[in-house]
Amino acid sequence: MQLDIVTNEIGLVLEELMNFIQNDEEVKQDFNEYSSTMGGLKHNTLMELAVPYIFERNIPDKNCSVIELYLQKHETLPDEARNLLIALETPISSIFEIKKNIKNGFELLNLVNEKTYDAIYPFKMTNLRGLGVGQFLVARLFNFEDATYIIDISGALPSTKKPDAMRFAVAKIIQEPHLVYMDNPVKEKEIEENVKMMNQKFIEAFGSNMIFTTSNHSDEIVSMFNEYTEDGTPINLEGKIEEPKEYKYFEVKDYNTNYNNFIENSVTGYYNKQQIYDIAVTFQPEEGLYIVPFYKSLERILTSDNYEEIENYDKCIKYFVEAPTISARILTNINNKYPKFTEIANKVLGENLSFDEILNKYKDVKHRVFSHTTILYNSNVFSSTLTDIVDTKKKEGIDYSNVKRNDPCPCGSGKKYKNCCLK
């Protein structure tokens, strides 16, 4: 299809989708509620509200996207429009560095999936005035008929704001980890090979794919495992495998993957050292390394005849169902071992679902999944951002004079001094 025809078709399809979310009885109420939470038209244009809604919103009670619902309700669409809408269902949302100008667009480097695109801008080029090489675009692209198009540009940063662009990219990864390998089979293959190698190393190091400890030791165990994979440093678990005073779920404020503290926690450690609770450190052969809080506490619930008498049993079940860091595969392994899980989960959630329906509703089953840890440590932008933070800490006047080679590095990296600031 010629560029001018594609451009015209994109404009028509977007116009139809805009009309759909404002007029369809099943959608407009949800769109109005969404708009209100985003500040409404007093603080945003209709386009600023509509674009993220169309491309990011999952319609409540429908468990489908806006475009999926539109396609279901318009079965007689022309092939051109239907194919375009199908392509728009999987947009590439990221922050991009402009590498060079090309005819009708830019060569863009996706900071998240590390792939370069020749991206065509199918609208008026005057909208791109002031944008040039070295700047960063917060944009949405999509692939259609062997070409890539820019469907939306929601922001831009000058080249001097590269650290901000890098942190924005890390935030995208934390929110949607699959974006690291989405539309980049080379990156996906790289992660797969790394996971395969790390799985073998984990079994070598610990003799099993899962070990149990407490929150005050988990970061150190992960650090030791990293050193083992890097240089073969022997792992000494003496004093590191403990049981908590009791197996009981409670809310832990320090354990989360919110961007506000995730980068800093990546340097200083994720887990609360004052509140001690049980941790499973596990390696899933196809997904990577997971640190699973309250795994044994969950087992206690699932093996009890009187689980309702266990304090916070319902909150623990809900955590395992809803937490994005507990993958569908981990939950499946739990359900296979303890079929009672589905019954209790339904009771806690007020649902009447099969286990597969629970997965479809609460877990990401649409994308290939790797663990957050695996994705982040295979991400160049994350590694670069982490290095910048550690380098900054090194410049903060830390006294290294009495630090021994095998001591934890005072910069807070979690590594031994010999493998960090001593280099």
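It should be emphasised that the depicted structure is a prediction, and the values quoted were computed from it without experimental measurement.

Conventions and cut-offs
- Residues numbered from 1 in each chain as written.
- Predicted model: local features only at pLDDT ≥ 70, side-chain atom pairs only at ≥ 80, totals over all residues.
- Heavy atoms only, no water.
- Axes fitted to C-alpha atoms, helices over the stretch in contact; angles between N-to-C directions.
- Helix = DSSP H or I, 4+ residues; strand = E, 2+ residues; numbered from the N terminus.
- Parallel < 35°, antiparallel > 145°, perpendicular 65-115°, else oblique.
- Left-handed = near helix turned anticlockwise from the far one by under 90°.
- Contact = heavy atoms within 4.5 Å.
- Nonpolar A, V, L, I, M, F, W, Y, C, P; charged D, E, K, R; others polar.
- Salt bridge = Lys/Arg side-chain N within 4 Å of Asp/Glu carboxyl O.
- Buried < 20%, exposed > 50% of the residue type's maximum accessible area, 1.4 Å probe, protein only.
- Polar contact = N/O pair within 3.5 Å; in protein donor to acceptor, adjacent residues only side chain to side chain.
- Pairing = 2+ DSSP bridges.
- Core = buried A, V, L, I, M, F, W, Y, C linked by side-chain atoms within 4.5 Å.
- pLDDT = per-residue confidence, 0-100.
- Phe/Tyr/Trp six-rings, centres within 6.5 Å; stacked < 30°, edge-to-face > 60°.
- Lys NZ or Arg CZ within 6 Å of the ring centre and 35° of its normal.

**Some remarks on the packing of helix α8 (residues 185–206) against helix α9 (residues 215–231)**
Point 1. At a minimum axis distance of 10 Å, the contact between α8 and α9 shows a crossing angle of 115 degrees. Taken together, the axes of α8 and α9 lie roughly perpendicular to each other. Of the two possible hands of crossing, α8 and α9 adopt the one that is right-handed. Counting all contacts with α8, which are made through M198, K201, F202, E204, A205 and F206, the residues of α9 involved are I221, F225, Y228 and T229.
Point 2. For the contact of α8 with α9, a count of residues per class yields 7 nonpolar, 1 polar and 2 charged.

**Topic: the pattern of salt bridges**
Point 1. The full count for this structure, using the stated rule, is 26 salt bridges.
Point 2. Between E299 and K296 there is a salt bridge, with its nearest N and O atoms 3.7 Å apart. Taken together, the residues span about one helical turn, with E299 and K296 both in helix α11 (residues 295–302) at a distance of 3 residues.
Point 3. The exposure class of E299 is buried, given its relative accessible area of 10%.
Point 4. For K337, the salt bridge goes to E299, with nearest N and O atoms at 3.2 Å. Taken together, the residues K337 in helix α13 (residues 328–337) and E299 in helix α11 connect sequence positions 38 residues apart.
Point 5. By sharing partners, the salt bridges in this structure join D24, E26 and K73 into a single network.

**Examining the side chain of S304**
Point 1. Mapped onto the fold, S304 is located in the loop between α11 and α12 (313–322).
Point 2. When its relative accessible area of 16% is taken as the criterion, S304 is described as buried.
Point 3. Engagement of the side chain of S304 in a polar contact is seen with the backbone nitrogen of Y307, the distance being 3.3 Å.
Point 4. What S304 contacts, discounting residues up to four positions off in sequence, is I310 and K340.

**A look at unusual backbone geometry**
Point 1. Here N104, not a glycine, exhibits a phi torsion of approximately 65 degrees, which is positive.
Point 2. If you trace the backbone, N104 turns up in the loop between β3 (92–102) and β4 (105–110).
Point 3. One non-glycine residue, D146, lies in the positive phi region at around 65 degrees.
Point 4. With respect to the helices and strands, the residue D146 is situated in the loop between β6 (136–144) and β7 (147–157).

**Describing the pairing of strand β10 (residues 288–293)**
Point 1. Where burial is concerned, most of β10 is hidden: 6 out of the 6 residues are buried.
Point 2. In this sheet, β10 lies alongside strand β9 (residues 278–284) in antiparallel orientation, the contact comprising 6 bridges. The residue of β10 that forms the bridge with T282 is Y290.
Point 3. Here β9 folds back onto β10 in antiparallel fashion, the turn holding 3 residues.

**Describing the nonpolar core**
Point 1. In this structure, I317, F320, I334 and F341 are the most contacted members of the largest nonpolar core, which totals 71 residues.
Point 2. Those residues in contact with I317, other than ones at most four positions away along the chain, are L298, I301, L302, F341, I344, A345 and V348.

**Topic: the sheet that holds β9**
Hydrogen bonding along the main chain pairs the strands of a sheet, whether they run parallel or antiparallel.
Point 1. Ordered in space as β8-β9-β10, the 3 strands form an open sheet in which the pairing is antiparallel. The open sheet has two edge strands with one neighbour each: β8 (210–214) and β10. Strand-to-strand twist in this sheet, taken as the mean axis angle between neighbours without regard to direction, amounts to 20 degrees.

**Digging into the pairing of β7**
Point 1. Strand direction decides the pairing type here: strand β5 (residues 116–120) and β7, joined by 2 bridges, are parallel. Of the residues in β7, the one forming a bridge with A119 is T148.
Point 2. Counting the residues in the hairpin turn of β6 and β7 gives 2 residues, including E145, whose phi is positive at 50 degrees.

**As for the environment of F341**
Point 1. In this fold, F341 is placed in helix α14 (residues 340–349).
Point 2. Using a relative accessible area of 0% as the deciding quantity, one classes F341 as buried.
Point 3. A C-alpha to C-alpha distance of 9.3 Å links F341 and L331, two positions 10 residues apart in sequence.

**Here we look at α12**
Point 1. Three or more residues of α12 are buried, namely Y313, C316, I317, Y319, F320 and V321.
Point 2. Where α12 is buried, its residues contact β10, α11, α13, α14 and α15 (355–362).

**Some words on the confidence of the model for the protein chain**
Point 1. On average, residues of the protein chain carry a pLDDT of 87, and 89% of them reach 70 or more.
Point 2. Counting interchain partners and residues more than four positions distant, the pLDDT-below-50 stretch residues 266–270 has 19 contacts.

**Observations concerning the side chain of E299**
Point 1. Engagement of the side chain of E299 in a polar contact is seen with the side chain of Y338, the distance being 2.9 Å.
Point 2. Apart from residues lying up to four places away in sequence, E299 is in contact with K337 and Y338.

**What to know about the packing of aromatic side chains**
Point 1. Under the criterion given, the structure shown has 20 aromatic pairs.
Point 2. With a centroid separation of 5.2 Å and an interplanar angle of 75 degrees, the aromatic rings of F202 and F225 are classed as edge-to-face. Here the residue F202 occupies a position in helix α8, and F225 occupies one in helix α9, the gap between them amounting to 23 residues.
Point 3. In this structure an aromatic cluster arises from ring pairing among Y249, F250, Y277, F294, Y319 and F320.
Point 4. The ring of Y228 has K201 sitting right over it, with the charged end atom 5.8 Å from the ring centre.

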